[in-house]
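Here is what each chain is made of, one letter per residue.
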Amino acid sequence: LGAPGGAVPAQWPEIPGATDRSEAQEDGELLRLAMEFVVSTPLAAAAILPGKLKHLYMLEAEAVSALFQGPHPSLAWMKYSLYAASQIAYGFLLIAFGYRVIDLLRPGRRPRGILWCSWLVIGYFTILSLVFHGQDRYRLPILPWMLIEAAVVLARGEAGRTLARNGRRDKAVAAWSR
């Protein structure tokens, strides 16, 4: 218990004889220990999942900061201004995407047919991240699909405003409620 839910554990497990093993053998032993933990304490393993989900979808913690590591890091003003801009942009994306997730609860606004593709991809990578690592860098395959779904919200809003501006208030309400 007490695991943070991210890719970096709160405490590294002790592996007896780890110095005599190869990396593959060590990984195999860690996998065995992890499976033993899940089987022996399924509730404790399930308690880690909300933390992994939070690490996966909440604000950026690694991508921008990783760009400025190494022997020749960029200037501090550039690092922090890019970091702030990426946080603000992702915050707006997360708000629009969250609104689109709520749309899934409304039958009239749910995707139809092939439009479910993005939700299947998002779900697939979310499940993979919950099983393995819940860290924001594993969000990269999900981001394009999040952008597409957030764009649906923005496009629907703009269509409603355009119809309302042209004096078609009844059609604007109908467009916004779809």
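Heads up: the structure comes first, above all this text.
Residues numbered from 1 in each chain as written. Predicted model: local features only at pLDDT ≥ 70, side-chain atom pairs only at ≥ 80, totals over all residues. Heavy atoms only, no water.

Caption draft 1: A look at the packing of aromatic side chains. Counted according to the given criterion, the structure contains two aromatic pairs. Judged by centre distance (5.5 Å) and plane angle (25 degrees), the rings of F97 and W119 are stacked. Remark: W119 occurs in helix 6 (residues 117–131) and F97 occurs in helix 5 (residues 76–103); sequence separation between them is 22 residues. By relative accessible area, which is 7% here, F97 ends up buried. Seen in terms of ring centroids, Y124 and F125 are 5.1 Å apart; in terms of plane orientation they differ by 75 degrees. Their pairing is edge-to-face. By relative accessible area, Y124 is classed as partly exposed at 49%. (Phe/Tyr/Trp six-rings, centres within 6.5 Å; stacked < 30°, edge-to-face > 60°. Helix = DSSP H or I, 4+ residues; strand = E, 2+ residues; numbered from the N terminus. Buried < 20%, exposed > 50% of the residue type's maximum accessible area, 1.4 Å probe, protein only.)

Caption draft 2: Quick look at the pattern of salt bridges. Applying the stated criterion across every chain, the model contains six salt bridges. The closest approach of N and O atoms between R32 and E29, which form a salt bridge, is 2.6 Å. Highlighted residues: R32 and E29, both in helix 1 (residues 23–40), separated by three residues, approximately one helical turn. Of the residues examined, R32 reaches a relative accessible area of 41% and is grouped as partly exposed. We classify E29 as buried; its relative accessible area is 16%. Residue D103 is joined to R109 by a salt bridge in which the shortest nitrogen-to-oxygen separation is 3.0 Å. On the basis of relative accessible area, R109 is assigned to the buried category, the value being 4%. Salt bridges sharing partners connect three or more residues here, namely R100, D103, R109, E149 and R156. (Salt bridge = Lys/Arg side-chain N within 4 Å of Asp/Glu carboxyl O.)

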